[in-house]
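Okay, here's what each chain looks like letter by letter:
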Amino acid sequence: MKYSAILLTVLFLFTACQPDPYDPNKAAFVTYLGEDTLAVEEFEKTENGLEARVILRSPETVFSEYDVTLDDNGGIVEMERSIYSLEDGFTGQPAIVQTVRTIADSLRVEYMTDNGSRVFMIAHEEGVLPFIDMVHWPYELVLNRASEMGQDTLMQPLLSGSRISDFVIADMGQDSMTIRHPSRGVMGVRVNEAGDLMFLDAGLTTRKLKVYRVPSVDMLKIGRDFAASDKEGSPFGQLSSAEAETFSFKDTEFRVEYGSPKKRGRDLFGGIVPWGKRWRTGANRATHFYTSSDLMIGDLEVPAGEYTLFTIPEEDGGIMMINTQTGQNGQTYNEDLDLGRVPMSINNKEDSTEDFTIRVEETDTGGAIRLIWGQTVFSVDFTIR
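A brief structural summary.

Taken together, the 8 bridges between strand E4 (residues 62–70) and strand E5 (residues 76–84) define a ladder with antiparallel strand orientation. Bridge pairing in E5 places Tyr 66 opposite Arg 81. From the end of E4 to the start of E5, which pair antiparallel, there are 5 residues, and Gly 74 there has a positive phi angle of about 80 degrees.

Next comes the structure, spelled out in structure tokens:
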């Protein structure tokens, strides 16, 4: 089963009826991608750290427990992550899969795998905290620290994998802050006076998540429901799957490789994909296009070879940029390497396509590159030379 926005309403209705006053040291976060619940987490701040439980659903449901000890600067002294089996959830026996320890001027990071353990030694930075993709209790600690320091901006070091990256925390006044991810963009955050995370909107980033704070959740029941969904063959899946398709017609082979995000009940064009702004045309890695024959796309000559495709969607169609750089991620775009730009047409269809799809289709005059998502279809016609 998939939890929709209805779950959020139910959670708020449930917690709003509780007689207990607001507890700054104990709460839960519910994370949504569109109408689907991506993660549920509960945490409790202790005298010298934090304990948290997280159910993360992508690409499949994983039950994690974190035990964190912090120093006087709010940074990691020690962190231990354990996971539980899908069958037993938090009622089973945990297995430790990661430890982080501060040793003198270094962080010792160890990952346990089926093939043994991997150990990394990283130079320690004051106040360093973990970055855990799609998990938000570390941001609670980050925002608390920023509020306590009272600065307009704070460079916060976060440990991700085997390296430390700086996240920029900015005080926007009243009850607002922002968190700038080094590569994904800026998240808007609503906080209280202590800097507790009340609501996070990552709509301007590549993740496009929304996070809500609630007093408590029933982790055991929610975990059982998510596990049952996985066992029934309906896991949440990848946020954006990697697609590679080949099309052949008129003695020509075409190949497209792209990241395919899901609609998940969201407003697409004019919503999570703004009008008039450059779009990577999918997700993750830049969208790649190969043709074995020379093409004429509008007035643009496109020699046989591989390119990357970027677009600027507009309500009346917009444009497609055909770029000669390949191998880059979708946020890397060099206009100087454009082979050229061509207009797109736009049409609506009655049915809705959940997964963003790119197709190369044969037409009477040659072919067309079609970008299909929701009820919208962008098209670029071409002829084969």
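A cluster of nonpolar residues, Ile 103, Val 119 and Met 121, forms a patch on the protein surface that exposes about 270 Å² of accessible area. By secondary structure assignment, the location of Ile 103 is in strand E6 (residues 95–103). A relative accessible area of 42% places Ile 103 in the partly exposed class.

Moving on to the packing of aromatic side chains. Scanning the model with the defined rule gives 20 aromatic pairs in all. Sitting above the plane of the Phe 236 ring, Arg 264 keeps its charged end 3.9 Å from the centroid.

In this structure the tally under the stated criterion is 21 salt bridges. Ionic pairing is found between Glu 65 and Arg 53, a salt bridge with its closest N-O pair at 3.0 Å. Taken together, the positions of Glu 65 in strand E4 and Arg 53 in strand E3 (residues 49–56) put the pair 12 residues apart, joining distant regions of the chain. Residue classification places Glu 65 among the partly exposed residues on the basis of a relative accessible area of 24%. Its salt-bridge partner being Arg 108, residue Glu 110 comes within 2.9 Å of it at the nearest N-O pair. Residue Glu 110 is classed as buried on the basis of its relative accessible area of 14%. Take Arg 108: its relative accessible area is 25%, and that puts it in the partly exposed class. One salt-bridge network, in which partners are shared between bridges, spans Lys 45, Glu 140, Asp 196 and Arg 213.

It is worth spelling out the nonpolar core at this point. Counting residues in hydrophobic clusters, the biggest one holds 50 residues, and the most contacted among them are Trp 137, Tyr 139, Ile 179 and Leu 200. Element by element, the count of residues in this core is highest for helix H2 (residues 137–149), at 6 residues. Leave out the neighbours within four places in its chain, and Trp 137 touches Phe 29, Glu 41, Phe 43, Leu 50, Ala 52, Val 54, Tyr 66, Val 68, Met 79, Pro 130 and Ile 132. Core analysis: the second largest hydrophobic core is formed by 30 residues, Tyr 258, Met 320, Met 344 and Phe 382 among them.

Turning our eyes to something else, we now look at the sheet that holds strand E18 (residues 287–291). Reading across from one edge, E16-E17-E18-E21-E22-E23 is the order of the 6 strands in this open sheet, with antiparallel pairing throughout. Strands at the two margins of the open sheet, each flanked by one partner only, are strand E16 (240–249) and strand E23 (338–343). Each strand axis lies, on average, 25 degrees off the axis of its neighbour in the sheet, ignoring direction. Looking at chain direction, strand E22 (residues 317–323) and E23 are connected through 5 bridges and run antiparallel. Across the sheet, Met 320 pairs through a bridge with Val 342, a residue of E23.

Criteria and thresholds
Residues numbered from 1 in each chain as written. Predicted model: local features only at pLDDT ≥ 70, side-chain atom pairs only at ≥ 80, totals over all residues. Heavy atoms only, no water. Pairing = 2+ DSSP bridges. Helix = DSSP H or I, 4+ residues; strand = E, 2+ residues; numbered from the N terminus. Patch = residues over 30% accessible without salt bridge, like charges linked within 9 Å, V, L, I, M, F, W, Y side chains within 5 Å. Areas by Shrake-Rupley, 256 points an atom, 1.4 Å probe, with all protein chains shown as cover. Salt bridge = Lys/Arg side-chain N within 4 Å of Asp/Glu carboxyl O. Buried < 20%, exposed > 50% of the residue type's maximum accessible area, 1.4 Å probe, protein only. Phe/Tyr/Trp six-rings, centres within 6.5 Å; stacked < 30°, edge-to-face > 60°. Lys NZ or Arg CZ within 6 Å of the ring centre and 35° of its normal. Core = buried A, V, L, I, M, F, W, Y, C linked by side-chain atoms within 4.5 Å. Contact = heavy atoms within 4.5 Å. Axes fitted to C-alpha atoms, helices over the stretch in contact; angles between N-to-C directions.

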